[in-house]
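Spelled out from the first residue to the last, the chains are:
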Amino acid sequence: MCIGIHMDKPATMMKGSIPMEMKKVSISAKRQITIPQKFFAMLGFDTEAECMVRGNELVIRPAKTNTGGEFAEQILADLIEQGYSGKELLQHFKQAQSQVRPAVEKMIGEAERIAASESEYVSYEELFGGEETYD
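Residues numbered from 1 in each chain as written. Predicted model: local features only at pLDDT ≥ 70, side-chain atom pairs only at ≥ 80, totals over all residues. Heavy atoms only, no water.

A. Spotlight on helix H2 (residues 72-81). Looking only at H2, the buried set comprises Ala72, Ile75 and Leu79. Buried residues of H2, viewed axially, fall in a sector of 70 degrees; they line one side. With respect to the buried face of H2, the exposed residues turned more than 90 degrees away are Glu73, Gln74, Ile80 and Glu81. Residue Gly83 follows H2 closely and has a positive phi angle near 100 degrees. (Buried < 20%, exposed > 50% of the residue type's maximum accessible area, 1.4 Å probe, protein only. Helix = DSSP H or I, 4+ residues; strand = E, 2+ residues; numbered from the N terminus. Arc of directions from axis to C-beta.)

Below, the structure is given as structure tokens:
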């Protein structure tokens, strides 16, 4: 039995318990696509997108605009508690802040591999290493 799906309207499917919508889009001669308006608005796209390959899928999502600043207050409080101030505080703050995004991306990647059963359990120490110092 063959069931036809008209792809002008998004098709709703399930991936586990997560509903997924899909719409077939054209690719121009210049390899350009147009993100359907519904998806564009629903996901909060602006002027940039991130594009990555996950397995055999091309994932396009709104570009992240944060740069680790969401942890700035905690980082500063920790460094001040350690006794840093002035230029030394600024230097250590920049170093610590630059490590936030790579750590979060590593954690997300590992979570995705675990969810896809490509990896075994990973301990906190294996993921983040030992206790970091800012000296």
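B. Spotlight on the environment of Glu48. Mapped onto the secondary structure, Glu48 falls in the loop between helix H1 (37-43) and strand E3 (49-54). Residue classification places Glu48 among the exposed positions, given a relative accessible area of 57%. Once residues lying within four places of it in the same chain are set aside, the contact partners of Glu48 are Pro62 and Ala63. (Contact = heavy atoms within 4.5 Å.)

C. A look at a nonpolar patch on the surface. On the surface, Val25, Ile27 and Ile33 cluster together into a nonpolar patch covering about 260 Å² of accessible area. For Ile33, the location among the structural elements is in the loop between strand E2 (18-22) and H1. (Patch = residues over 30% accessible without salt bridge, like charges linked within 9 Å, V, L, I, M, F, W, Y side chains within 5 Å. Areas by Shrake-Rupley, 256 points an atom, 1.4 Å probe, with all protein chains shown as cover. Salt bridge = Lys/Arg side-chain N within 4 Å of Asp/Glu carboxyl O.)

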